[in-house]
Amino acid sequence: MATECKTCEVEITGIEKMVCRSCASAFHRSCIDGLNRTAFEAIGKFQKNCYWLCDACAGRFDQFVQSMDVDDDPSPATDVSKLSEAVEKLSGIVNELSGQMKEKSSKKSFADVVFPGSKREREDDVNNEPPAKIKTVCGTRTIQHKIKTVVNERELFWVYLGRLDPCHTDEEIAEMTQECLDLPEPPKVKRLVKKDADTSKLSVVSFRVLLPDDLRDTALQPDTWPTG
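Cut-offs applied
- Every chain is numbered on its own, with residues counted from 1 as its sequence reads.
- This being a predicted model, a pLDDT of at least 70 is required before a residue's local features are given, and a value of 80 or more before pairs of side-chain atoms are given or counted; all residues contribute to the totals for chains, interfaces and linings.
- Side-chain calculation: all heavy atoms of the structure are included, whereas hydrogens and water are not.
- Two aromatic rings from Phe, Tyr or Trp, using only the six-membered ring of Trp, form a pair when their centres are within 6.5 Å; if the ring planes differ by under 30 degrees the pair is stacked, by over 60 it is edge-to-face, and anything between is tilted.
- Secondary structure elements follow DSSP: runs of H or I of four or more residues count as helices, runs of E of two or more count as strands, with numbering from the N terminus.
- Buried residues are those whose accessible area, probed at 1.4 Å on protein chains only, stays under 20% of the maximum for their type, while exposed residues exceed 50% and partly exposed ones sit between those limits.
- Throughout this description, the term charge over a ring refers to an Arg CZ or Lys NZ atom that lies within 6 Å of the ring centre and within 35 degrees of the ring normal.
- A helix is expected to span 1.5 Å for every residue after the first.
- Between two residues, a contact is recorded if the distance between any of their heavy atoms is within 4.5 Å.

Looking at an unreviewed UniProt entry, one finds the protein named PHD-type domain-containing protein and attributed to Culex pipiens pipiens.

In structure tokens, the structure reads:
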């Protein structure tokens, strides 16, 4: 159904159409006095906030506003009086609560009572006692056990002697090493053969000798050991 302009009663075919927010009557923009294109676009852009009324509806709206009994000079005395009463009442409540809290704090509660022989009394007694002195026991006792010295193996090293005749014993290798390195006593020697092995069937055997680390350079020299 075509929409006609309420002013000129001509069908509105263009996009420049204004509708009254009160009576919903349609108008050409050009038929509305004082409504230029800028105002028309602003009203269309802010339709939720701008309300345009036709002349008839605008007149009725003015009459309605004028008929309202509006006090041009409202006095805030009543609101101030009510606010003062509320503040005074609230102050009284605060003072009353403060007095009750002070009264409760001055009274000794049941939890603060210490009964004789109770655990709390014993704990208080312990906490109030001075710290006990640590008893120190002094004395002497004769040590009858023999002191066993242990050689620090980190200062020793093993030297390996190989391709020796199986007829040589550990004692013979120890004596030879003592003589070659001018040791005060024979060193520890270990034959490197399997347990229960028949040495008569072996052509050569090896030994390892435990020596002091300061003799390492001398022991590793080929000239230190006899040949043949």
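Next, the rest of the story.
> Which parts of the structure should I look at to understand the packing of aromatic side chains?
When we look at a pair of aromatic rings, we describe it by the centre distance and by the angle of the planes. Using the criterion set out here, one finds one aromatic pair in the structure. Measuring from ring centre to ring centre gives 5.6 Å for Phe27 and Trp52, while their planes differ by 75°; the resulting arrangement is edge-to-face. With Phe27 in strand β2 (residues 26-28) and Trp52 in the loop between α1 (37-45) and α2 (55-67), this residue pair connects regions lying 25 residues apart in the sequence. On the basis of relative accessible area, Phe27 is assigned to the buried category, the value being 7%. Overall, the relative accessible area of 13% leaves Trp52 in the buried class. Lying across the ring of Trp158, Arg208 places its NZ or CZ 4.1 Å from the centre. Above the plane of the ring of Phe157 lies Arg216, whose end atom (NZ or CZ) is 4.4 Å from the centre.

> What should I look at first to understand helix α5 (residues 170-181) in this one?
For an α-helix the count is 3.6 residues per turn, leaving residues at separations of three or four pointing the same way. Here α5 is twelve residues long and its end C-alpha atoms lie 16 Å apart, about the 16 Å a rise of 1.5 Å per residue gives. Buried positions along α5 lie against β3 (156-164), β4 (188-191), β5 (205-212) and α6 (216-219). One or two steps after α5, the chain reaches Asp182, where phi turns positive at roughly 55°.

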